[in-house]
Amino acid sequence: MLRVLFVGDVYGKPGRRVLASHLPTIKNQFHFVIVNGENAAGGFGLNRESFNEIIRAGADCITLGNHAWHHKEVFGLLDDPRLVRPLNFPLGTPGSGYQSFDVKADEGEPERLTVVNALGRVFMDATHNPFLAMDELLTKPDLGAVFLDFHAEATSEKAAMGQYLAGRVAAVVGTHTHVPTADTRILKGGTAYQTDAGFTGPMNSVIGADPAGPIARFTTEMHARFVVGEGPAELNGVTLQIEHGRAVTAARYHFEESE
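Just so it is clear, the model here is predicted, and its values are computed rather than measured. (Residues numbered from 1 in each chain as written. Predicted model: local features only at pLDDT ≥ 70, side-chain atom pairs only at ≥ 80, totals over all residues. Heavy atoms only, no water.)

Focus on the layout of surface pockets
Heads up, the condition is: In this analysis, the protein atoms alone were mapped onto a 1 Å grid. Cavities are point sets where a 1.4 Å probe fits without being able to get out; pockets are open sets with protein on both sides within 12 Å along at least five of seven lines; lining residues have an atom within 4 Å of a point. Grid points are joined across faces, edges and corners, and a volume is the space filled by probe spheres set on the points. Secondary structure elements are taken from DSSP: a helix is a run of H or I of four residues or more, a strand is a run of E of two residues or more, and numbering for both begins at the N terminus. For this classification, the nonpolar set comprises Ala, Val, Leu, Ile, Met, Phe, Trp, Tyr, Cys and Pro, the charged set comprises Asp, Glu, Lys and Arg, and every other residue, Gly included, is treated as polar.
Estimates place the volume of the largest pocket at around 460 Å³. Considering the residues around the largest pocket, the lining is formed by 20 residues, among which His67, His176, His178, Ile207 and Phe226 are closest to the centre. No other element matches the 3 residues that helix 5 (residues 212-220) contributes to the lining of the largest pocket. A breakdown of the residues in the lining of the largest pocket according to their chemical character gives 8 nonpolar, 8 polar and 4 charged. In this structure, the second largest pocket encloses a volume near 380 Å³.

This is the structure:
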């Protein structure tokens with residue numbers, strides 16, 4: 001049985017800090033750790049420094065999202081098999097939308113785990129259909145247990161993806177909105193589901209940003225600069241147990257730094 005931890009969107013330095021301090025204390029409870037690094041570098045995208053910090057903290061795989069190309073440095077990282085960019089980018093896009101890993105569990109032979117990243121389309125930049133992209137991917141052999149990080153805005157699109165893939169993958173967990181949802185469950189056929197894992201970043205913030213910027217934008221309706229929030233950070237995620245390619249348990253994970 002594979003024990004997997006998924007950590008929601010790491011946001012800026014506070015997110016990297018809480019990940020670096022807390023993940024090493026719990027990593028031995030899991031066979032594999034997946035971290036969404038979409039906002040790790042200053043709140044937007046991933047650079048080499050933040051990639052290295054997340055790996056050093058204990059991540060086995062890093063997923064991305066709609067800010068995948070924010071930093072040019074990411075193009076020098078895409079050949080690393082531990083980095084997964086969205087699957088439904090156009091044909092010829094650098095990098096890979098999925099990676100397969102042979103994970104050593106407590107007993108027996110290594111088990112195959114495939115990590116997939118896909119982008120939603122509702123209220124997001126236009127890209128290829130993620131439902132059809134998943135259909136095409138699932139025709140490939142030897143994927144083993146499939147974990148999908150579905151980086152999407154609309155709860156309805158995430159819920160639809162969960163139901164669409166129920167019984168076909170091990171897990172569908174949403175990212176992007178930075179707010180954890182209270183709907184962790186096992187869908188029909190052994191697919192773990194949560195609409196959004198939440199984020200890993202500053203608690204006293206507006207989904208990661210210092211409150212002053214978002215509040216100014218809402219109250220003045222003018223552009224305002226967003227900067228990463230400060231203070232204690234939280235880590236949000238989902239834990240899974242996977243057996244024979246399907247989830248048997250799923251639970252929210254939450255940790256907060258002290259003041």
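Here's the deal with the pairing of strand 8 (residues 171-175)
Rules: Throughout, exposure labels follow a simple rule: accessible area from a 1.4 Å probe, protein chains only, divided by the maximum for the residue type, with under 20% read as buried, over 50% as exposed, and the rest as partly exposed. Pairs of strands are assigned from DSSP output, requiring at least two bridges between the strands. Here the term right-handed applies to a crossover when the path leading from its first strand over the helix to its second strand runs clockwise, the strands being oriented away from the viewer.
Across the 5 residues that make up strand 8, a large majority, 5, are buried. Pairing geometry for strand 7 (residues 145-151) and strand 8, over 5 bridges, is parallel. By the bridge assignment for strand 8, His151 is matched with Thr175. For the crossover from strand 7 across helix 4 (residues 155-165) to strand 8, the handedness is right-handed.

Section: the pairing of strand 13 (residues 246-256)
Direction of pairing for strand 12 (residues 233-243) relative to strand 13: antiparallel, over a ladder of 10 bridges. The partner of Gly237 across the bridge, within strand 13, is Tyr253. If you look at the hairpin formed by strand 12 and strand 13, you'll find 2 residues sitting between the two strands, and His244 has a positive phi there, around 55°.

Describing helix 3 (residues 130-137)
Put simply, the rule is: By arc we mean the arc of the directions from the helix axis to the C-beta atoms, nothing more. Whenever a nitrogen or oxygen atom comes within 3.5 Å of another N or O atom, the pair is scored as a polar contact, on the condition that within protein one atom can donate a hydrogen and the other can accept it, and that pairs from neighbouring residues in sequence are kept only if both atoms are in side chains.
Pro130, Phe131, Ala133, Met134 and Leu137 are the residues of helix 3 that are buried. One side of helix 3 carries all its buried residues, which in axial view fall inside an arc of 160°. Across helix 3 from its buried face, at more than 90 degrees, point the exposed residues Leu132 and Glu136. You can read the cap of helix 3 off the contacts: a side-chain oxygen lies 2.8 Å from the backbone nitrogen of Phe131, and it is on Asn129.

Side note on the packing of aromatic side chains
The test is simple: In this scheme Phe, Tyr and Trp rings, the latter by its six-membered ring, pair at centre separations within 6.5 Å, and the angle between planes marks the pair as stacked below 30 degrees, edge-to-face above 60, and tilted otherwise. Here, over-ring charges are defined by two tests on the NZ atom of lysine or the CZ atom of arginine: distance to the ring centre within 6 Å, and angle to the ring normal within 35 degrees.
Under the criterion given, the structure shown has 6 aromatic pairs. Measuring from ring centre to ring centre gives 5.1 Å for Phe6 and Phe147, while their planes differ by 40°; the resulting arrangement is tilted. Taken together, the residues span a long stretch of sequence, with Phe6 in strand 1 (residues 2-7) and Phe147 in strand 7 at a distance of 141 residues. What makes Phe147 buried here is its relative accessible area of 1%. When the centroid spacing of 4.9 Å and the interplanar angle of 55° are considered together, the rings of Phe32 and Phe101 count as tilted. In this pair, Phe32 sits in strand 2 (residues 32-36) while Phe101 sits in strand 5 (residues 98-103), placing the two residues 69 residues apart along the sequence. Following the ring pairs from residue to residue traces out a cluster consisting of Trp69, Phe75 and Phe89. Sitting over the ring of Tyr164, Arg168 keeps its end group 5.1 Å from the ring centre.

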